[in-house]
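# A look at the structure
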Amino acid sequence: MKNKKNKHQSLGVFTLVLSAVMLPLVSCGNPSEKSGNPALQPSGAAITSDDTEILPDPDCDNLTSYYETTFYVNGMGDTCILGYNYKSHELDFLNLSTGKLGQSISLDRDGPDGIAGMPIWFHQIAVDSILVGNDQQTVYLIDTIGRVVNSYSFRGEGHATASRNARSHIAAFRYDGDAGQIIYPRENDKDLSIAALDTASEATTAIASIPGWTRRKVGFLIYPNVAYTDTSALVNFPYESKITELSLLDGRIIRQSDSPMTSMTAETVDPGESVEEIVWRSYANPFYADVNYLPASDIFAQIVIAPTGSSRNDDDNHKAYDRKLYLRVFARNLKPIHEHEFESGKYLPYAWTFTPDGVILYRDHPLDQNNDSEGVRLTRFRIAPVYSD
């Protein structure tokens with residue numbers, strides 16, 4: 001049921017919505033001892049899946065898929081997704097275990113509790129406190145009825161390049177509660193770096209320079225994707241397969257990997273300056289998404305969107321959605337160990353949610369004429385590493 005927000009009512013009831021969230025953003029975690037021993041690296045991966053549907057609520061502005069999400073486990077042990085509802089400007093709680101929508105947190109667009117722009121990142125730091133980052137270089141601290149308790153601007157000494165757009169780049173914030181910092185990608189006149197904002201003073205410091213940054217533009221693809229473990233940042237440009245892991249402790253390059261896909265061999269083509277060619281290449285080029293660490297499996301995973309299967313003369317809707325979706329799996333040393341092609345024409349190509357042991361896709365493909373469901377249909381894929389004898 002939708003929470004019709006009253007700024008003056010008690011937090012007690014709404015605290016239950018987020019109580020005892022036990023899992024942080026799944027890209028974070030501490031690598032196991034296997035990461036330092038090549039002999040213990042997995043040689044492959046096994047993938048299993050199961051389907052879930054979240055039934056629509058007649059009193060809500062329902063979505064059938066969510067682009068901005070995070071995965072968590074609630075205090076009852078239920079697996080859940082927290083997602084941004086762009087229709088109602090709310091945070092929706094989807095309970096995968098019960099198949100139901102929970103209470104939503106209604107957000108204001110302006111005023112003292114206003115959250116402008118598009119929320120792209122969420123992180124719970126206490127039972128009644130959530131950090132919400134938007135696409136306008138601000139992170140808000142809100143309570144469970146949407147009141148803004150504090151906010152942090154990332155406009156000093158450059159600007160944050162955080163984004164959640166699978167047609168340009170995917171770069172997240174990261175909250176370090178022990179250090180009282182928010183980690184983020186930052187561009188200034190000198191370079192592109194991973195930086196930290198101190199939440200007490202709002203002072204910013206550079207942690208690591210991102211290698212390979214030349215301000216090259218490949219159509220709409222400019223900035224790198226960024227995801228995190230507890231001690232490192234995973235950086236990759238969306239137009240190439242190369243991956244760099246940077247230390248958040250001392251800024252050094254921990255390792256790099258550049259292994260082209262074997263199941264999809266398309267190469268990125270620079271579209272030049274023509275607007276028409278840039279738009280076409282946004283469909284005809286592959287998109288390598290961010291590389292996420294899965295702590296339960298101790299591996300990395302990446303979604304790759306293949307070039308469109310449509311021609312230049314097809315309508316934009318077909319060009320945008322007639323694209324195959326792939327999963328790449330990497331050992332902790334960034335060696336690729338598995339590639340998986342998802343069923344074509346079934347899953348929405350631009351939305352997914354990583355979990356501690358895999359990824360969730362939405363069975364909401366716009367070109368699927370048999371999809372008439374008003375609920376949220378999801379498939380959860382679990383990825384288990386396979387070790388050679």
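Everything that follows concerns the structure shown earlier in this document.
This is a predicted model, so every value here is computed, not measured.

What follows concerns the overall build of the chain. Across its full length, the chain holds 3 helices and 28 strands. Relative to its 389 residues, the chain shows a buried fraction of 54%. Approximately 16,400 Å² of the chain is accessible, and the part contributed by carbon and sulfur atoms is 47%.

Our next topic: the pattern of salt bridges. Overall, the coordinates contain 17 salt bridges when judged by the stated rule. Between Arg-312 and Glu-277 there is a salt bridge whose closest N-O contact spans 3.1 Å. Pair noted here: Arg-312 is in the loop between strand S23 (299-308) and helix H3 (316-321) and Glu-277 is in helix H2 (residues 275-284), with a separation of 35 residues, a long-range link. Arg-312 sits in the partly exposed class, given a relative accessible area of 45%. Overlapping salt bridges bring together Asp-50, Asp-357, Arg-380 and Arg-382 as one network.

As enumerated under the stated definition, the model contains 12 aromatic pairs in all. Taking the centre distance of 6.4 Å and the plane angle of 90° together, the rings of Tyr-72 and Phe-93 count as edge-to-face. Of this pair, Tyr-72 sits in strand S2 (residues 69-73) while Phe-93 is found in strand S4 (residues 90-95), placing the two residues 21 residues apart along the sequence. Neither residue differs from the other here; Tyr-72 and Phe-93 are each classed as buried. Judged by centre distance (5.6 Å) and plane angle (25°), the ring pair of Phe-237 and Tyr-239 falls under stacked. Here a set of aromatic residues connected by ring pairs shows up, and it is made of Trp-121, Phe-154, Phe-173 and Tyr-184.

Glancing now at unusual backbone geometry. Within the chain, His-89 stands out as a residue other than glycine whose phi angle is a positive 55°. Along the chain, His-89 falls in the loop between strand S3 (79-85) and S4. On the basis of relative accessibility, which here comes to 1%, the residue His-89 falls in the buried class. Unlike most non-glycine residues, Glu-202 shows phi in positive territory, near 65°. As for its placement among the helices and strands, Glu-202 is situated in the loop between strand S16 (192-198) and strand S17 (204-209).

Nonpolar side chains in soluble globular proteins generally cluster together in the buried interior. Grouped together as the largest cluster of nonpolar side chains are 61 residues, with contacts concentrated most on Ile-194, Ile-303, Phe-342, Trp-352, Leu-361 and Ile-383. Not counting chain neighbours up to four residues away, the residues in contact with Trp-352 comprise Thr-69, Arg-164, Ala-166, Ile-170, Ala-289, Asp-290, Ile-303, Ile-305, Val-359, Ile-360, Leu-361 and Tyr-362. Judged by nonpolar contacts, the second largest core, of 15 residues, contains Phe-122, Ile-130, Tyr-140 and Val-148.

Cut-offs applied
Residues numbered from 1 in each chain as written. Predicted model: local features only at pLDDT ≥ 70, side-chain atom pairs only at ≥ 80, totals over all residues. Heavy atoms only, no water. Helix = DSSP H or I, 4+ residues; strand = E, 2+ residues; numbered from the N terminus. Buried < 20%, exposed > 50% of the residue type's maximum accessible area, 1.4 Å probe, protein only. Areas by Shrake-Rupley, 256 points an atom, 1.4 Å probe, with all protein chains shown as cover. Salt bridge = Lys/Arg side-chain N within 4 Å of Asp/Glu carboxyl O. Phe/Tyr/Trp six-rings, centres within 6.5 Å; stacked < 30°, edge-to-face > 60°. Core = buried A, V, L, I, M, F, W, Y, C linked by side-chain atoms within 4.5 Å. Contact = heavy atoms within 4.5 Å.

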